[in-house]
Each structure stands twice: as structure tokens, then as C-alpha cells.
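These are the residues of each chain, in order.
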Amino acid sequence: TTMPYSRPTNTSLPELHLTGIPGLQHLHHWISLPLCIMYLITLAGNSIILCVIKADPSLHLPMFLFLSMLAVIDLVMSTSITPKMLGIFWFRSTAVSLDACLTQMYFVHAFSVMESGVLVAMAFDRYVAICNPLRYLSILTSPVVAAIGLATLLRAVVFMSPLTFQIRRLPLCSPAVVNHSYCEHLAVLKLACGDAAFSNTYSLSVSTYMGSFDSLLIALSYVLILRAVLSLSSPQARKKAFSTCGSHLCIIALFYIPGLLSMYMERYHQELPPHIQVLLADLYLLIPPAFNPLIYGIRTKQIRDGARRMISR
């Protein structure tokens, strides 16, 4: 039965319908398997990292506090979309109230901005650790780390609130079908009957500004780190410095490349099949939270040791 996907025309607009992955509804059960596995890895991996860091006093360092922030953001971000997505894929529960949809949109976009901010903070942390090792703990004190965390949160709230309020004020047209598997801003915006130019421009400007500003700061940190590392005399010290930065660079690539790809393809390649666009957007939100704890857990000796101590206790 294709009933849930026939476009409802008499929907009272407080309620929207998410199609899942347009054109691939017949494959939803298969697609849900890797998504479900990734979500379980996300829950397990990030919870383990948080427990290990909390349980081990030797890990109460700025680097690991930022890593804890990243783990919390990843847990919230994937939990705000995966359960509903699996509901669509498994039970065809496509209906979502407008308020729930806007709440989900707010969480997804605000936490993406926060993740980007925390990645900048982690690059700064590596810069101080490598270029100013003796003053590391006097520069990145606990209040400074807390202030950086608060600043990333506030920045996300300030930039993302107008997006959601703007859509709240726009009249939305029937049929209320969102061709997406979660309430992605541009997909919901397509339902607007009013003039959506402001929302469109605002979202593109904010995401471009965030993406370019944050990646510029990260690039700058790494240029300075590279200069410092190459001036180290012993190959041993160089290797150690590169390995502490390697995992962070993997995570940055995992976060920015698919994100920018999915955003620009959605804007400029209208001929790109909708299922490819939606799959890209889904993977962008689901892959980093699942892989971040694996990359850090496997590549960071202190976390491996902390986990071992926790297990042996």
C-alpha cells in the first residue's frame, strides 16, 4: 500500500508529513539497518567516552573536556533525528506536528553550529598544547574552557533562533509533505506560501559564514601547529605531535566535507535526484557522531588506558 505517501491534501497544517527518502520508500527497511547500527554505535561510543573521561581524574584536561562537549552534542544531534527517522522507515509514521518539526529543525541546526564551534575550540586547544606546552594549563583553565563552551552554545542560539521563528511566521501551503526524512530547513521552507526569500538568504549566509569562518580558524591553528612541529628537532616528538592532531583532523574532514557538499548540492544542483540529496543530508548528521568516539577512542592512548582501567575496576 502506498497510502501514507499519497500526498494528503486536506491536512490541517499544524501537522506535516515526512516522506523519508523520496523515491526509495520500497527500500526503507534495508536503509534503516545501517542507520540503526550507526545510531547504536553513536549511543554506545559517546556514552563510553563520557564515562571514561568522568571516571578518570587524569583525563580532566581541556582536550578531554572539549571531547566531552563533542560527545554530548553528537548524542543530542543524532537522537533528535534518528528515532523519528526509524519510525518513518519501520512503521510509516510520517506525521509530525508543526511544533515538533520546528523543534527538531532547531536542534539539528543549532547543534551542528555548536559542533563546528567545538571543533574550532579543539583546534585552538591543540595549538596551545603544541606551540605553548609549558603554559597550556595556565592558558586553558577550567573557567576558560567553560566560557568557550558557553560561547559556542550562545552563538548557536543567536544564529539559529531567527531561522525557526521565521518559518513559524510563514504561512505554509497544503499539501503539507516534506520530501525529507527529518525537518531540514530548506525542505520545510519549500512548503511556504509567503515570501521565503529572507529565510533562504539568511540560512545560506549563516551556513556559509559559519563554515568558512570556522574552517579558516581551524586552518590557521593548523598552519601554526605545522610550523611548530616542523621546528621540533627529534623525529619522536614530531611523530607524537602529528598523532595527537591526526584524530582531530579526521573528525574535521568527516564533519565539514559532507556538510558543505550536501548544502551546496541542495542549492545549485536541482537536477541531482532527491534521494541522493536526502541520503547525503542524513549521512552528514549520522556518520560523524558514530565515528567521532571510534576515532578518538582508537587513536588516543589516554582514552584507551582510561577505558582499560574502568573495565578492570
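As recorded in an unreviewed UniProt entry, the protein chain goes by the name Olfactory receptor, listed as coming from Anhinga rufa. Under the UniProt heading Sequence similarities (unreviewed entry), the note attached to the protein chain is "Belongs to the G-protein coupled receptor 1 family." Looking at the Function (unreviewed entry) heading of the UniProt record, one finds this comment for the protein chain: "Odorant receptor."

A. View of the sheet that holds strand S2 (residues 95–97). Spatially, three strands are ordered S2-S1-S3 in an open sheet, and the strand pairing comes out mixed. Each having just a single partner strand, S2 and strand S3 (177–178) make up the two edges of the open sheet. The pairing of strand S1 (residues 15–18) with S2 spans three bridges and is classified as antiparallel. Looking across to S2, one finds that Glu-15 is bridged to Ser-97.

B. The arrangement of the environment of His-28 in detail. Relative to the assigned elements, His-28 resides in helix H1 (residues 28–55). Owing to a relative accessible area of 1%, His-28 belongs among the buried residues under this scheme. Spatially, the C-alpha atom of His-28 lies 7.3 Å from that of Trp-90, the residues being 62 residues apart in sequence.

C. How the structure looks around the packing of aromatic side chains. Tallying each qualifying case throughout the model produces seven aromatic pairs. Between Phe-107 and Phe-111 the ring centres are 5.6 Å apart and the planes differ by 5 degrees, which places this aromatic pair in the stacked class. With Phe-107 and Phe-111 both in helix H3 (residues 98–131) and four residues apart, the pair spans about one turn of that helix. On the numbers, 5.4 Å between centres and 20 degrees between planes, the contact of Tyr-209 with Phe-213 is stacked. Within this pair, Tyr-209 and its partner Phe-213 are both found in helix H7 (residues 197–230), separated by four residues, close to a single helical turn. The exposure class of Tyr-209 is partly exposed, given its relative accessible area of 35%.

The rules behind the values
- Residues numbered from 1 in each chain as written.
- Predicted model: local features only at pLDDT ≥ 70, side-chain atom pairs only at ≥ 80, totals over all residues.
- Heavy atoms only, no water.
- UniProt positions renumbered as here; feature names shortened; annotations may be inferred.
- Pairing = 2+ DSSP bridges.
- Helix = DSSP H or I, 4+ residues; strand = E, 2+ residues; numbered from the N terminus.
- Buried < 20%, exposed > 50% of the residue type's maximum accessible area, 1.4 Å probe, protein only.
- Phe/Tyr/Trp six-rings, centres within 6.5 Å; stacked < 30°, edge-to-face > 60°.

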